Amino acid sequence: MADLQAEIPTVESLLEHAVDAFWARFETNPEVAACAPGRVNLIGEHTDYNDGFVFPMALPLVTVFVGRKNGSTQCRVETLSQGVDAPTYAEFPVPSEQTALKPGLPKWVNYVKGVVANYKGAVPGFDCVLASSVPLGGGVSSSASLEVGTYIFLDQLNGAGENGVSRKEKALACQKAEHVFAGAPCGIMDQFISIMGEEKHALLIDCRSLESTLVPLEDPDVVVLVTNSNVKHNIEASEYSTRRRQCENGAKTLGVKSLRDANMELLQDQKAQLDDVTYRRARHVIGEIGRTEDAAQALRDNNYKLFGELMVQSHNSLRDDFEVSCPELDQLVEAAMEVKGVFGSRMTGGGFGGCTVTLLKKDAVPDALEHIKNRYKGTPTFYVCEASGAARGLTL
Ligand code: GAF
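Not measured: the values here are computed from a predicted model.

Some remarks on the UniProt feature "domain: GHMP kinase C-terminal" (unreviewed entry) in the protein
Within this numbering scheme, the UniProt entry marks residues 296-377 as carrying the feature "domain: GHMP kinase C-terminal" (unreviewed entry). For residues 296-377, the end-to-end C-alpha separation is 33 Å, with 54% helix and 18% strand making up the annotated structure.

Given below as structure tokens:
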């Protein structure tokens, strides 16, 4: 049933909305525009901060920026996103030796401010309006799309081009912004895919070397379904830091730099040295890194059956060993797996709410949506997504 799918606004319609709001707020027209996508991770969860592999794709859900230099030393930003903390308009000074930027309120502007503070180049005073179709708190990287979009918007203000700074460096600057200005000790996956993704491809990222490989994802008979549980349990932030610490402790006890350097043999050998929780955290990460490489190969081989099996193994491991799932995500995955034509399904992102990702035959979509909607106790939102393009400047 096609109408169960959420409509994904086009970049053009978001742009139009932002331009109208810019005029209403600043009584002039914007001169530059940029956008950056959210992402869905197909497999490879909680592996990025363990130097492992991840396998995300960029989504057609994006954050759009329009604006212009304002000739002052102030950055003035309005968001059109629903559900952010008030006020939706904020100002802060261009950073200088005298004025270092600090995080504050409203929270949403910290992502913009953090990137301004970490931008590799001169930041002019600017006026800006942003509009987003990436669901907030949905586990599909609304924050990374905000950060990366800010970076590319600043590039556009400065006359576009790469400005001698590589896309990887930009991703790292955005990750730092999130660490320092949002207090979230995230890995590199979300910023990296937002700035490096490509249409019709998933991206296998080695989070140690930051080398990445594009893998085609364009079979007309197979689709990626993102299902938002529309719940967010607020233990996520503290649990994320706890998981990072547990992984670091596990690696230390195993005598390796990071869990990327461990394997199942070493883990079994050293089992007696680890408490049960650390053992299970390490087992998830070691298994998940292997599954991610295998899944990328399965996709290259068009072996969707194997890919789907790896997705389910990933979900079970995140649920039982890493303990970052929740009843809502488990229910969505179980319901999806009951539908004929579904290859695999799993939670995606940090966990404790947000979205699941499901790989299925295109002609199974109507049954899948109907069945999941009926089985899920909450209200899901469905997005049938194609792998989409990276952050970029837009023409007004
Ligand atoms: C969040 C983080 F931001 C990512 O870096 C990653 O660790 C993910 O959770 C879990 O795989 O999205």
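What follows continues from the structure just given.
A few points about the site of the ligand
The ligand sits among Arg-39, Glu-45, His-46, Asp-48, Tyr-49, Cys-186, Gly-187, Met-189, Asp-190, Tyr-240, Gly-349 and Gly-350. Contacts to the ligand include Asp-190, whose side-chain N or O atom sits 2.9 Å from an oxygen atom. In the model, an oxygen atom of the ligand is placed 3.5 Å from a nitrogen or oxygen of the Gly-350 main chain. In isolation the ligand offers 310 Å² of accessible surface; the protein chains occlude 92% of this area. In terms of residue class, the shell around the ligand is built from four nonpolar, four polar and four charged.

A few points about the packing of aromatic side chains
Counted according to the given criterion, the structure contains seven aromatic pairs. Judged by centre distance (4.7 Å) and plane angle (45°), the ring pair of Phe-22 and Phe-26 falls under tilted. Remark: Phe-26 and Phe-22 occur in helix H1 (residues 11-26); sequence separation between them is four residues, near one turn of the helix. For the pair Phe-22 and Phe-26, one class covers both residues: buried. Put simply, the rings of Phe-65, Phe-126 and Phe-153 pair up and form one aromatic cluster. The lysine or arginine in question, Arg-25, covers the ring of Tyr-89, its NZ or CZ lying 4.0 Å from the ring centre. Here the guanidinium or amino end of Arg-243 rests over the ring plane of Phe-322, the centre of that ring lying 5.9 Å away.

Criteria and thresholds
- Residues numbered from 1 in each chain as written.
- Predicted model: local features only at pLDDT ≥ 70, side-chain atom pairs only at ≥ 80, totals over all residues.
- Heavy atoms only, no water.
- UniProt positions renumbered as here; feature names shortened; annotations may be inferred.
- Helix = DSSP H or I, 4+ residues; strand = E, 2+ residues; numbered from the N terminus.
- Near = heavy atom within 4 Å.
- Polar contact = N/O pair within 3.5 Å; in protein donor to acceptor, adjacent residues only side chain to side chain.
- Areas by Shrake-Rupley, 256 points an atom, 1.4 Å probe, with all protein chains shown as cover.
- Nonpolar A, V, L, I, M, F, W, Y, C, P; charged D, E, K, R; others polar.
- Phe/Tyr/Trp six-rings, centres within 6.5 Å; stacked < 30°, edge-to-face > 60°.
- Buried < 20%, exposed > 50% of the residue type's maximum accessible area, 1.4 Å probe, protein only.
- Lys NZ or Arg CZ within 6 Å of the ring centre and 35° of its normal.

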